[in-house]
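Below are the chains, spelled out letter by letter.
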Amino acid sequence: MKAVVCENWGAPDTLKVQELQDLQAGSGQVVIDVQAAGVNFPDVLIVQGKYQFKPELPFVPGSEVAGIIRSTGSDMTTFKAGDKVIAFAPTGGFGQQLLAPVQSLIPMPPGMDFDTAAAITLTYGTSYHAIVDRAMLKNGENMLILGAAGGVGLAAIEIGKALGARIIACASTDEKLEVCRQHGADVLINYSKEDLREAVKAATGGKGPDVIYDPVGGEYAEPAFRSIGWGGRYLVVGFANGEIPKLPLNLTLLKGASLVGVFWGEFTKRDPKGNASNMRQLLQWLHEGKIKPHISGRYKLEDAAQALKDMAARKVTGKVIVLPQS
């Protein structure tokens, strides 16, 4: 099989496509012929050795896939060869085959295409866990989303709307904001042109948002937090900007507000039943048309490094995927 291999920590350009041995399923495992693999910002950090999770070198990056089971371990009773599945694994996604434990598998619903299936696990799983489990967003509340045109941002818009919230989407270009509008955002703020605090004040009648969803970090974190409403919840989702902000803690006191960490990967390990319940709800919303992944780009396996570079340069709206079999 072919796979993208990271041999040393570094920029995406250092990745190489190599011929590897076909994978063999052991006890409790399956081998999947990967039809589509989602690309996520953590993938950019992992190959540079800058993420919380640091795999042993060499490894195949990529964590979420959709495909067809090729083979199973001899003790497998729940899945069989030929089953279409969604899988989430720490590594291995950017290859023609993936070895995955049975606990990571979700049967693909009838009628779902592989591209959509590969684009729902991490971004929607993260946003659902953040918004529902951590922020407990309520019907009628205001939620401000920074970096709203990215994968987790668009997922957050759709999930917030499904819960009955009013969504204020922030992004750096009018083109990105148009995508946010198409996915249900009620208010659009271009923070490269507008004063963020003044725009948020106008959008909320001076009250400030009840929830702030921040996957970006960097320079907009503090002005956003200064704009939060009384008793608000500030979701720390990630740092796509590359800069981890340092927020004055007196702001939490003055606003009666909470800083709430969101680490979906760890949540899936500690509460697999809770994550499975979340995924069932997301798949139901997908069936009902309440959510729909926005896939803006498709890359061949040989172009996976370019997909990561585009992700790092924040040229991506929604999701991009790698197609290992093409």
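Computed from a predicted model, the values in this text were never measured in an experiment.

**Regarding the overall build of the protein chain**
Secondary structure assignment for the protein chain yields 11 helices and 15 strands. Taken over the C-alpha trace, the protein chain has a radius of gyration of 20 Å; the compact-globule value for 326 residues is 20 Å, and the two agree within 12%. Its C-alpha atoms give the protein chain principal-axis dimensions of about 60 × 40 × 35 Å. The buried share among the 326 residues of the protein chain stands at 54%. Considering only contacts within the protein chain whose residues lie at least 6 apart along the sequence, 69% involve residues at least 24 apart. Carbon together with sulfur atoms contributes 50% to the accessible area of the protein chain, which is approximately 14400 Å² in total. For the protein chain, the distance from the average site of its 33 positive side-chain charges to the average site of its 33 negative ones is 4 Å.

**Comments concerning the nonpolar core**
In terms of nonpolar packing, the biggest core is built from 47 residues, with Met143, Ile145, Ile157, Cys180, Tyr213, Leu235 and Leu282 touching the most fellow members. When residues of this core are traced back to their parent elements, those giving at least two are helix 3 (121-134), strand 8 (142-145), helix 4 (151-162), strand 9 (166-171), helix 5 (174-182), strand 11 (211-214), helix 10 (272-288) and strand 15 (319-323). Residues contacting Tyr213, with those up to four places away along its chain left out, are Thr126, Ser127, Ala130, Ile131, Met143, Leu144, Ile145, Leu146, Val152, Ala156, Leu235 and Val237. Counting 37 residues, the second-largest nonpolar core is a separate cluster that includes Val30, Val44, Ala89 and Ala307.

**A look at the packing of helix 3 against helix 4**
One can describe the packing of helix 3 onto helix 4 by two numbers: an axis separation of 8 Å at closest approach and a directional angle of 50°. The angle between helix 3 and helix 4 falls in the class oblique. Where helix 3 crosses over helix 4, the handedness of that crossing is right-handed. Residues Thr123, Tyr124, Thr126, Ser127, Tyr128 and Ile131 of helix 3 pack against Gly151, Val152, Ala155, Ala156, Glu158 and Ile159 of helix 4. Residue composition of the contact of helix 3 with helix 4, grouped by class: 7 nonpolar, 4 polar and 1 charged.

**Regarding helix 10**
Helix length check: helix 10, at 17 residues, gives a terminal C-alpha distance of 24 Å against a target of 24 Å (1.5 Å per residue), a fit within 8%. Those residues of helix 10 that sit buried are Gly274, Asn275, Asn278, Met279, Leu282, Leu283, Trp285 and Leu286. Positive backbone phi, approximately 80°, marks Gly289, located one or two places after helix 10.

**What to know about the pairing of strand 5 (residues 84-88)**
Pairing between strand 4 (residues 64-72) and strand 5: 5 bridges, direction antiparallel. Bridge pairing in strand 5 links Gly67 to Val85. Pairing of strand 5 with strand 7 (residues 105-107), which is carried by 3 bridges, proceeds in the antiparallel orientation. Looking at strand 7, one finds that Ile86 is bridged to Ile106.

Conventions used here
- Residues numbered from 1 in each chain as written.
- Predicted model: local features only at pLDDT ≥ 70, side-chain atom pairs only at ≥ 80, totals over all residues.
- Heavy atoms only, no water.
- Helix = DSSP H or I, 4+ residues; strand = E, 2+ residues; numbered from the N terminus.
- Rg over C-alpha atoms; globule rule 2.2 N^0.38 Å.
- Buried < 20%, exposed > 50% of the residue type's maximum accessible area, 1.4 Å probe, protein only.
- Contact = heavy atoms within 4.5 Å.
- Areas by Shrake-Rupley, 256 points an atom, 1.4 Å probe, with all protein chains shown as cover.
- Lys, Arg positive; Asp, Glu negative; His and termini not counted.
- Charge placed at Lys NZ, Arg CZ, Asp CG, Glu CD.
- Core = buried A, V, L, I, M, F, W, Y, C linked by side-chain atoms within 4.5 Å.
- Axes fitted to C-alpha atoms, helices over the stretch in contact; angles between N-to-C directions.
- Parallel < 35°, antiparallel > 145°, perpendicular 65-115°, else oblique.
- Left-handed = near helix turned anticlockwise from the far one by under 90°.
- Nonpolar A, V, L, I, M, F, W, Y, C, P; charged D, E, K, R; others polar.
- Expected span 1.5 Å × (residues − 1).
- Pairing = 2+ DSSP bridges.

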